[in-house]
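# Structural description and commentary
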Amino acid sequence: MRKFNIAVVGATGAVGEEIFKVLEEFNFPVGEVLPLASSKSAGTSIEFMGKNHIVKELTNEVWDEHEIDIAFFSAGGSVSEKFVPAAVASGAVVIDNTSHFRMQENVPLVVPECNPQDIALYKQTGIIANPNCSTIQMVQLLKPLDDAFNIERVDVSTYQAASGAGKEGMEELVHQMQQFFAFKLDECEPKVFAHQLALNVIPHIDVFLDNDYTKEEMKMVNETRKILHRDIEVSATCVRVPVLRSHSEAITISFKNAVDAQKAREVLAKAPSVVVVDDPAKKQYPMPIISSDTNETYVGRIRRDVYRDNVLHIWCCADQIRVGAATNAVRIAQKWIKLQD
């Protein structure tokens with residue numbers, strides 16, 4: 001079986017580290033491994049497949065020194081903007097986890113369970129964009145429901161974990177909780193988040209735009225429509241909660257016609273990468289402690305609206321670092337490999 005040389009940009013970050021774990025778990029056909037990061041992290045090492053690999057500094061020249069087939073970028077939009085062109089020019093296909101390329105018309109935005117056919121469009125630019133974490137878990141549910149029942153509108157409220165802000169976000173939450181139990185929380189100034197996250201919820205992720213939605217919320221709006229190739233109405237309210245890992249979402253879906261909750265449950269049970277956990281009588285429903293460190297999106301609380309028979313309400317949880325980033329990226333790479341046969 002052919003092996004592929006892999007580069008991971010942002011190798012020492014939360015998503016970069018997780019990409020290596022997922023590659024190993026999926027038995028991905030890896031040849032050469034090239035971990036890349038900023039000069040601050042260069043010289044450190046990461047472990048992959050039982051071996052230590054030295055992290056190299058990311059430069060435009062490094063791509064000419066290695067024959068890379070697949071480059072995963074997970075180091076921020078400005079880094080992708082600066083270094084992706086050189087990676088593509090060297091012959092690598094780039095799977096970009098940042099927001100920089102997502103809405104470019106000639107760059108496919110892919111969730112393999114929803115629009116794998118779009119991967120073939122990578123030939124236009126050499127880039128495949130990985131959607132926003134909160135978008136990925138939602139469209140994994142919307143796609144099968146749309147195919148079955150024809151969605152007209154989606155209203156979603158997210159409950160996003162500290163992991164959405166990377167290692168620094170998780171570290172800040174842990175530090176604040178430690179300070180709380182030491183009765184010193186008033187001395188803990190927030191740096192990553194707009195306000196104290198411990199024992200709080202913050203209805204503010206990313207910057208506010210002219211329409212009073214945040215950039216995070218509009219990502220969900222625009223990315224959903226691009227992935228599903230549908231002009232579905234979408235409105236989002238994105239909230240940061242004091243959970244370490246795994247995002248949760250309460251989603252209200254309006255369909256063209258009446259929909260049955262049990263039939264919707266059956267559709268979701270057959271959907272790829274989706275696990276239905278929906279037995280309220282036994283207190284069984286998705287929670288972050290269930291979804292963390294897994295590669296599936298968990299859905300439950302599936303119920304029809306009290307007043308409108310064409311409206312469903314559902315609740316889902318998924319690991320933001322995996323489903324929302326690393327796992328989706330590796331699944332894209334797996335589909336891309338099949339195109340090379």
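Residues numbered from 1 in each chain as written. Predicted model: local features only at pLDDT ≥ 70, side-chain atom pairs only at ≥ 80, totals over all residues. Heavy atoms only, no water.

### Notes on the sheet that holds strand β8 (residues 127-129)
- Taken together, 6 strands build an open sheet; the order of strands is β5-β2-β1-β6-β7-β8 and the sheet is parallel. The two strands at the open ends of the sheet, each matched to only one other strand, are β5 (56-57) and β8.
- Contacts between helix α1 (residues 14-25) and the sheet are confined to β1 (4-9), β2 (30-37) and β6 (70-73), with β1 contributing the most and set at about 155° to the helix. (Pairing = 2+ DSSP bridges. Helix = DSSP H or I, 4+ residues; strand = E, 2+ residues; numbered from the N terminus. Contact = heavy atoms within 4.5 Å. Axes fitted to C-alpha atoms, helices over the stretch in contact; angles between N-to-C directions.)

### Comments concerning the pattern of salt bridges
- Taken as a whole, this structure holds 18 salt bridges when the rule is applied.
- Put simply, Arg322 and Glu18 hold a salt bridge, and the shortest N to O gap is 2.7 Å. Within this pair, whereas Arg322 is found in helix α8 (residues 322-340), its partner Glu18 is found in helix α1, the two being separated by 304 residues in sequence.
- A relative accessible area of 4% places Arg322 in the buried class.
- For Glu18, a relative accessible area of 4% corresponds to the buried category.
- Put simply, Glu18, Lys21, Glu25, Arg245, Asp293, Asp319 and Arg322 are held in one network by salt bridges that share partners. (Salt bridge = Lys/Arg side-chain N within 4 Å of Asp/Glu carboxyl O. Buried < 20%, exposed > 50% of the residue type's maximum accessible area, 1.4 Å probe, protein only.)

### Quick look at unusual backbone geometry
- Phi at Met49 takes a positive value of approximately 55°, unusual for a residue other than glycine.
- Along the chain, the position of Met49 falls in the loop between β3 (45-48) and β4 (51-54).
- Residue Met49 is classed as partly exposed on the basis of its relative accessible area of 48%.
- A positive phi angle, close to 65°, is found at Ser273, a residue other than glycine.
- Structurally, Ser273 can be placed in the loop between α6 (261-269) and β12 (274-276).

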